[in-house]
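Tertiary structure, described
Residues per chain, in single letters:
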Amino acid sequence: MSARELPLLLVRHAKAEDTHVLGDEARALTPEGRALFRQHARKLARLTPLRGIVTSPLVRAVQTAELFAEALGLSRVEVHPALVPRRSGARRIVDLARELGPGFALVGHNPSLEQALALALGDDTQAPEKLRKGTAVALRSTGDDAGFQLVWWAAPGRALKRYDTDE
């Protein structure tokens, strides 16, 4: 499979602690979140190879990215500030997605990821459901500046939903 055929993934971090003594940035994955995403990551790895993973620097996102990298056999995860949850995060995420291109997973947070998905698809009515924790959404560039099309949607513990019948 060539790099151009690979999708770009948006991945929401797995289930994390509600609070942490050091603040929101330090919230780690719960044991349940870690176990569920490890299993989910193995399924995702069978769906598509990837060239790299880029993540928010927040602990829960880095841990999710590391579990995904392990399942994919990737040795490195890159941290990028565009994936930090913030008000103008959606535009930054879509810009990063375009910059990286196919074959990368971007691990981040809601509401930024949901907003980025809506922006990438062109309108939020195309998003079939909310991005639950641990969900991965595969996108393919439409080939123009307009954006992306939805290829598949994979949430932990749920059946894979395909949207691109050309695969």
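The following refers to the structure shown. In this text the structure is predicted, and so the values were computed from the model without any measurement.

What about the overall build of the protein?
Tallying secondary structure elements over the protein gives four helices and seven strands in all. Radius of gyration (C-alpha) of the protein: 15 Å, near the 15 Å computed for a compact globule of 167 residues. Across the 167 residues of the protein, 47% fall into the buried class. Sequence-distant contacts, at least 24 apart, represent 61% of the contacts inside the protein between residues at least 6 apart. Of the roughly 8,500 Å² that the protein leaves accessible, carbon and sulfur atoms contribute 48%. Positive and negative side-chain charges of the protein, numbering 24 and 20 respectively, have mean locations separated by a distance of 4 Å.

Examining the side chain of T30
Tracing the backbone shows T30 in the loop between β1 (8–12) and α1 (31–47). Taking relative accessible area as the criterion, T30 reaches 15% and is therefore assigned buried. Within polar-contact distance, the side chain of T30 engages the backbone nitrogen of G33 at 2.8 Å. For T30, the residues in contact, after removing those within four places along its chain, are K15, A16 and E17.

Describing unusual backbone geometry
Of note, the amide linkage connecting N110 to P111 takes the cis form, showing an omega dihedral of 5°. Among the structural elements, P111 can be located in the loop between β4 (104–108) and α4 (112–121).

So, the sheet that holds β1
Taking strand neighbours across the sheet as the criterion, the seven strands line up as β3-β2-β4-β1-β5-β6-β7 in an open arrangement whose pairing is mixed. In the strand order of this sheet, the two ends are held by β3 (77–79) and β7 (161–162), each with one partner. By the bridge criterion, two bridges tie strand β6 (residues 148–154) to β7 in an arrangement that is antiparallel. Opposite W153, over in β7, you have K161 as the bridge partner. Running at roughly 160° to β4, helix α3 (residues 89–100) makes contact with β1, β2 (52–55), β4 and β6 of the sheet.

Rules used throughout
Residues numbered from 1 in each chain as written. Predicted model: local features only at pLDDT ≥ 70, side-chain atom pairs only at ≥ 80, totals over all residues. Heavy atoms only, no water. Helix = DSSP H or I, 4+ residues; strand = E, 2+ residues; numbered from the N terminus. Rg over C-alpha atoms; globule rule 2.2 N^0.38 Å. Buried < 20%, exposed > 50% of the residue type's maximum accessible area, 1.4 Å probe, protein only. Contact = heavy atoms within 4.5 Å. Areas by Shrake-Rupley, 256 points an atom, 1.4 Å probe, with all protein chains shown as cover. Lys, Arg positive; Asp, Glu negative; His and termini not counted. Charge placed at Lys NZ, Arg CZ, Asp CG, Glu CD. Polar contact = N/O pair within 3.5 Å; in protein donor to acceptor, adjacent residues only side chain to side chain. Pairing = 2+ DSSP bridges. Axes fitted to C-alpha atoms, helices over the stretch in contact; angles between N-to-C directions.

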